[in-house]
Amino acid sequence: MALGTLAALFALTSCATDAPSTLDTAGTGAARVERTWWLLFWIALAVFVEVMALLAWALLFRRAPTTRVRHGQPLRFVAVAGAGVPLLILVAVYGVGLRDLAALGAGPEPQAPTIEVTGHRWWWEVRVPGTDGATANELHIPVGERVRVRLRTADVLHSFWVPQLMPKTDLIAGETRETWLQAERAGTYRGQCAEYCGTQHAHMAFLVVAEPRPQFDAWLARLGSPARQPRTDAEQRGRQAFVQGTCAGCHAIRGTGADGQAGPDLSDVGSRWSLGAGAVPNDAGHLGGWIANPQTVKPGSYMPPQPIDAARLPDLIAYLQSLK
């Protein structure tokens, strides 16, 4: 029964195939953590096998009650196997840990790209020094290059974690923390706030997009450019509804009169992977529900229901989805 239960639990742990894993690394920082994890795993497994073997030996070859035990031999065994060997293992593991801590703490070169990330309840603001634009819950990095990431919090304690690229870094109020990211292969890597920060802590996810340098440079150019202009009558009416309505009080769209700072910049909202930092997919239906009453989508979020006319809502959705 015990073995069956363990097998069932092992099978359940492999059900979430899209979950980021620290044992499926794509960056040099996370790779160091993975190697240390495997080192500790194999040491623990070896100790477990040894203890079970000794236990089996003791049970199978127990001495008779009349057998005399020679004093000194057990003490020698305990001193070597119980103290000497564990001490050597701990010293070796400690040395490996110090080496990895030094490597993880070494920052990138001064000329390395820099990205600034600010944690809010409950979303991530992303800016690049030298550009006026901003985005939310998504940052891009060039493949094979170490990128400096400066971290701040606008409210409470958060923790920036991309399991496949780098260990966690806490965001502490009043401080600017630094970490770095380096991806060895192109792809999309999910990150998460790893410190409980309130009601919607679980819906405070983000993506790191690792791409070749030309695509990264194109992303930087888009980040500092005005948002896409409306191309249809519906999009034109939608932009007018956005700028003249309550949306512009909290959100900004580059190149328009909307310059709100309380919520995320929506200049590229149509291309984002989700709404609400991972709360729901980014499609027309969920976008309409989010605008009408975000509290039904992400209870506790700071965005209130929007008093927009139902006849104008499709135009607003069309305009926001065109911002890519």
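In case you missed it, the structure is sitting above this.
This one's a predicted model, so the numbers in the text were calculated from it and none came from an experiment.

Peer 1: Just give me the short version of the overall build of the chain, but keep the residues and values in it.
Peer 2: Along the backbone of the chain there are 7 helices and 12 strands. Computed over its C-alpha atoms, the radius of gyration of the chain comes to 27 Å, more than 25% above the 20 Å expected for a compact globule of 324 residues. Expressed as lengths along the three principal axes of its C-alpha atoms, the size of the chain is roughly 100 × 50 × 35 Å. Long-range pairs, those at least 24 residues apart, make up 64% of the contacts in the chain with a sequence separation of at least 6. Carbon and sulfur atoms make up 62% of the accessible area of the chain, which totals about 18100 Å². Charge separation in the chain, taken as the distance between the mean sites of 29 positive and 27 negative side-chain charges, equals 10 Å.

Peer 1: Break down the environment of alanine 311 for me, with residues and values.
Peer 2: One can find alanine 311 in the loop between helix H6 (284-292) and helix H7 (313-322). The exposed category is assigned to alanine 311, whose relative accessible area is 57%. C-alpha separation for the pair alanine 311 and leucine 151, spaced 160 residues apart in sequence, amounts to 41 Å.

Peer 1: I'd like to hear about the state of the cysteines, residue by residue, with values.
Peer 2: Inspection of the entire model under this criterion finds 0 disulfides. Between cysteine 193, a free cysteine, and cysteine 197, which holds the nearest cysteine sulfur, the sulfur-to-sulfur gap is 3.9 Å. No disulfide involves cysteine 247; its nearest neighbouring cysteine sulfur is the one of cysteine 250, lying 8.8 Å away.

Peer 1: Residues and numbers for the packing of helix H5 (residues 233-244) against H7, please.
Peer 2: Closest axis-to-axis distance for the H5/H7 pair is 7 Å, and the angle between their directions is 95°. Here H7 runs roughly perpendicular to H5, going by the angle between their axes. For the pair formed by H5 and H7, the contact residues are Ala234, Glu235, Arg237, Gly238, Arg239 and Phe242 on the first element and Asp315, Leu316, Ala318, Tyr319, Leu320 and Ser322 on the second. A per-class count over the contact of H5 with H7 returns 6 nonpolar, 2 polar and 4 charged.

Rules used throughout
- Residues numbered from 1 in each chain as written.
- Predicted model: local features only at pLDDT ≥ 70, side-chain atom pairs only at ≥ 80, totals over all residues.
- Heavy atoms only, no water.
- Helix = DSSP H or I, 4+ residues; strand = E, 2+ residues; numbered from the N terminus.
- Rg over C-alpha atoms; globule rule 2.2 N^0.38 Å.
- Contact = heavy atoms within 4.5 Å.
- Areas by Shrake-Rupley, 256 points an atom, 1.4 Å probe, with all protein chains shown as cover.
- Lys, Arg positive; Asp, Glu negative; His and termini not counted.
- Charge placed at Lys NZ, Arg CZ, Asp CG, Glu CD.
- Buried < 20%, exposed > 50% of the residue type's maximum accessible area, 1.4 Å probe, protein only.
- Disulfide = S-S within 2.5 Å.
- Axes fitted to C-alpha atoms, helices over the stretch in contact; angles between N-to-C directions.
- Parallel < 35°, antiparallel > 145°, perpendicular 65-115°, else oblique.
- Nonpolar A, V, L, I, M, F, W, Y, C, P; charged D, E, K, R; others polar.

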